[in-house]
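Below, each chain spelled out in residue letters.
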Amino acid sequence: FGSNLGFQDTTYVELTLRVLGLMCDGQNRALQNYLREQPDNINNVNLVGEVALFLQHFYSDINKDNIELINRILQTLVEMCVGNYYNQEVIFDHQIIDIVNRILQTPVFNRCRLQDVVQMKASAIELLETILEETHKETPKLVENVHSVMDLDAVFNTLVYFYYLKDDSDMCSLKMDDDATRALFRTFHILKHLPDFGIDVPEPVKPSVKGLKEFQREEDIWEAWKYCSERSKSVEILYENMEGDKTLSKVHFHYNPDDELSDELVERVTWKINRDSAEDKVRDFLDWMKAVKRDVKHVNSLRDHWYTRLFIFGTKYQNWALIFLTLLLNVLVLASWNSRDDVYSGKCFTQRTLLLNSTVQKANSLPTIPLVQCWFGYIALFVLGVAHFGITLIQVISYFIMNYPNFHLPSLYYKYIKRKKRDSTYSDVPIFGLKTLYYLIILACSGLSLVFWGYFYSICLVHIVVNNDILQRVLRSVTKNGKSLLWVGALGFVVLYIYAVISYIGYQSYFDDPENSGHCKTLFQCSITTIRLGLLGGSLLTNGDTRLDFEPGYYILRTIFDVSFFIIVTTVGLNIIFGIIVDTFSELRDERYQTEADKKGFCFICSFPAYEFERHATGFKDHVKHEHNMWNYIYFSLELDRIDSTNQNAIQQYVYNQVANGDTDFFPILRARCLKDVKDTTQEEIAELKSMVEGVIQCFKVLNVYNINTYTP
């Protein structure tokens, strides 16, 4: 890269720069350091500084002949410096910021193509972002030095430049609109990152007057700033470099509004995540993150097709509409049904219903068919029923479409048919589970109600449980310990069967009383009667005792039979079942209270108590919303999945690898930037309290000695 080199043919120069960049590709720290210094060579050559020096030969006269070479130099410097503080320091010492300022300050370059200018400015912004990334404990000093020579006005102008380019028709035709958008957010994040080091960057404000030429620049900056602010978020990352040093870095990233998590998903993760300890929280959160990301990516893929948008948008309103229609139909059925006795009361009934009821009168074994008033029968119930069935069908299809990636078949399928089982996540749904069965039953009931006079609309009322947190917790109190309840129920039926056998053998004549619903001619009849009467809490021996004389043997056995049945089945057995349900409900209530206390009292990410942020920062709510927002870490991981691995900076690549490997070291547990200057006085306070207690004890000893010496019997 000597100054005497001719530049008529830059092919070999570009090839050399490309090779140097590829050597550092993937953030190869060893080769990055080796290009800076070669400890095994007698003559050390700082190739990083030479490339930066080589750029100085061109930046004063950028034209169509050398702009591609300049862009290649900038990209090579990015590859050499990404994640390497010492290389960043080298290129800063070679006045690279002056060159970046020159590129950003110049709006138009002589006879250069638009795409070349955009690529060069984007590369300059990327290089500036690389220098400012916080990967070393000395980065704040470097940032201060960069800020002292950086032209902030040029950066703001570049923000506006890329803001209007992202929607430019020429950019779209060149398929460079994504590049312009990426450069736009990089520029914005540079401006947002500087205040993280205590550097004052004036935030744009909305001009009070619009349309005036003298305020046009301020208006453009404000619009670009507002656009980027609405689509950017930040997280704090505990970054560990190759030397093992850990740095708490703040990262600003592009947020896609399509990734917004649904309220249902947020609630599910919030209340189901393990909060036993700080490590357990982030470890379980990382497992949930994989499931949430899969759901978000699936929903975004559904948005690409117009025929699937109907089933993913407005599901909440569809659910409320279904509940309203179900209630309305049940009210109509409740108001319009009449029995057969009212056939000739002068009311108007459908001819079809009358004919069917005449058939029922001839065959009493058939179910009762209601008599419905004419306009209810053919208009209201039918129209509303069709609407009810349509919404129910949409809900069922939406359930299968939304949960398609989460469905998993029984383990036998993966064991004998499909040998390789896919990775399971928290959002997995068994395809033959209760929830799938529930939706199919609701759809069947809605369809059958159209045919059978609305009988099955009563079953559809169960749909009020969906998305109702209170009712779902009530059901969970029964289903959480369902296995225990089933075994206790099985034991109860065994006990009832034993009593049925005893009744059949010794008390059949007193048990068999058809008038009082007692049947015991066979052991099967005796068993059914025992279960029915026993669970209702009545006496098993329904027939009145007609014996006149007292027979001790009979009455003692009868007393033992009745009392033991009452104690074992009615009192103990049923109360055991009720006790399991009540204890489970209390357990769920305590878990919810503990979760609420953890949410209000501790930061989920760093686990610092809320009062620390109230005393030493801007408040706990501001901290968990902007600095350690747990959902922003999911959005950040989603954004990393969109970025090609070759375009990730050091922190992005570090977090991406950590998430892929299931490591939680990047979470700042017991660390927060807003509390980094707060001195931990806990040990000092403990020592002070200890000395105070020792002083009080010493005073008591002195008083005790004094009282002994002055005591006279």
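Undergrad: If you had to explain the overall build of the protein chain to someone new, which residues and values would you point to?
TA: The secondary structure content of the protein chain amounts to 31 helices and 6 strands. When burial is assessed residue by residue, the protein chain has 42% of its 713 residues classed as buried. Contacts spanning at least 24 positions in sequence make up 68% of the contacts within the protein chain whose residues lie at least 6 apart.

Undergrad: Could you give an account of the packing of helix α7 (residues 114-132) against helix α9 (residues 152-165), naming the residues involved and the relevant values?
TA: Across the interface, α7 lies against α9 with an axial gap of 12 Å and an inter-helix angle of 130°. Our classification of the angle between α7 and α9 gives oblique. When the axes of α7 and α9 are compared, the crossing they make is left-handed. Across the interface between the two elements, L114, V117, V118, K121, A122 and I125 of α7 pack against T158, Y161, F162 and L165 of α9. When grouped by side-chain class, the residues that make up the contact of α7 with α9 number 8 nonpolar, 1 polar and 1 charged.

Undergrad: How would you sum up the pattern of salt bridges? Please name residues and give values.
TA: Pairing is possible between side chains of opposite charge, provided their charged atoms come close. Here the structure, examined in full by the defined rule, presents 22 salt bridges. The salt bridge involving E37 is made with R36; its shortest N-O contact spans 3.5 Å. For E37, a relative accessible area of 41% gives the class partly exposed. Judged by its relative accessible area of 12%, R36 falls in the buried class. Here E68 and R113 are joined by a salt bridge, their closest N and O atoms 3.4 Å apart.

Undergrad: Explain helix α13 (residues 263-272) to me, using residue names and the numbers behind them.
TA: When we look at burial in α13, the residues that qualify are L265, V266, V269 and T270. Buried residues in α13, looked at end-on, bunch into an arc of 130°, giving them a common side. Along α13, exposed side chains directed more than 90 degrees from the buried face belong to D263 and K272. Packing partners of the buried residues in α13 comprise α14 (278-302), α26 (552-601) and α29 (630-642).

Undergrad: Could you give me a rundown of a negative patch on the surface, with the residues and numbers involved?
TA: There is a patch of like negative charges on the surface, built from E240, E243, D245, D663 and D665. Turning to its location among the elements, E243 is positioned in the loop between β1 (232-240) and β2 (246-254).

Undergrad: Before we move on, could you go through the pairing of β1 and cite the residues and values that matter?
TA: The element β1 is largely enclosed, with a buried count of 7 among its 9 residues. The pairing of β1 with β2 spans 9 bridges and is antiparallel. If you follow E236 over to β2, its bridge partner there is K250. Hairpin geometry of β1 and β2 is characterised by an intervening segment of 5 residues between the two adjacent antiparallel strands and by a positive phi of about 90° at G244.

Undergrad: Account for the packing of aromatic side chains, with residues named and values stated.
TA: In total, this model carries 21 aromatic pairs according to the counting rule given. When the ring of Y399 is compared with that of F400, the centres are 5.3 Å apart and the planes differ by 75°; the resulting orientation is edge-to-face. Overall, the relative accessible area of 27% leaves F400 in the partly exposed class. Members of the aromatic cluster, each reached through a chain of ring pairs, are F285, F604, Y633, F666 and F667. Stacked on the ring of Y161, the Lys or Arg K121 has its end atom at 5.4 Å from the ring centre. A cation sits over an aromatic face here: K233 above Y255, 4.6 Å from the ring centre.

Undergrad: Quick rundown of unusual backbone geometry? Include the residues and the values.
TA: Residue K175 is not a glycine yet carries a positive backbone phi of 60°. Its place among the elements puts K175 in the loop between α10 (169-173) and α11 (177-193).

Undergrad: Explain the state of the cysteines to me, and be specific about the residues and the numbers.
TA: Tallied over the entire structure, the rule returns 0 disulfides. Sulfur of C603: no disulfide; nearest cysteine sulfur belongs to C606 and is 3.4 Å away. Relative accessible area serves as the criterion here: at 0%, C603 is assigned to the buried category.

Reading the values: the criteria
Residues numbered from 1 in each chain as written. Predicted model: local features only at pLDDT ≥ 70, side-chain atom pairs only at ≥ 80, totals over all residues. Heavy atoms only, no water. Helix = DSSP H or I, 4+ residues; strand = E, 2+ residues; numbered from the N terminus. Buried < 20%, exposed > 50% of the residue type's maximum accessible area, 1.4 Å probe, protein only. Contact = heavy atoms within 4.5 Å. Axes fitted to C-alpha atoms, helices over the stretch in contact; angles between N-to-C directions. Parallel < 35°, antiparallel > 145°, perpendicular 65-115°, else oblique. Left-handed = near helix turned anticlockwise from the far one by under 90°. Nonpolar A, V, L, I, M, F, W, Y, C, P; charged D, E, K, R; others polar. Salt bridge = Lys/Arg side-chain N within 4 Å of Asp/Glu carboxyl O. Arc of directions from axis to C-beta. Patch = residues over 30% accessible without salt bridge, like charges linked within 9 Å, V, L, I, M, F, W, Y side chains within 5 Å. Areas by Shrake-Rupley, 256 points an atom, 1.4 Å probe, with all protein chains shown as cover. Lys, Arg positive; Asp, Glu negative; His and termini not counted. Charge placed at Lys NZ, Arg CZ, Asp CG, Glu CD. Pairing = 2+ DSSP bridges. Phe/Tyr/Trp six-rings, centres within 6.5 Å; stacked < 30°, edge-to-face > 60°. Lys NZ or Arg CZ within 6 Å of the ring centre and 35° of its normal. Disulfide = S-S within 2.5 Å.

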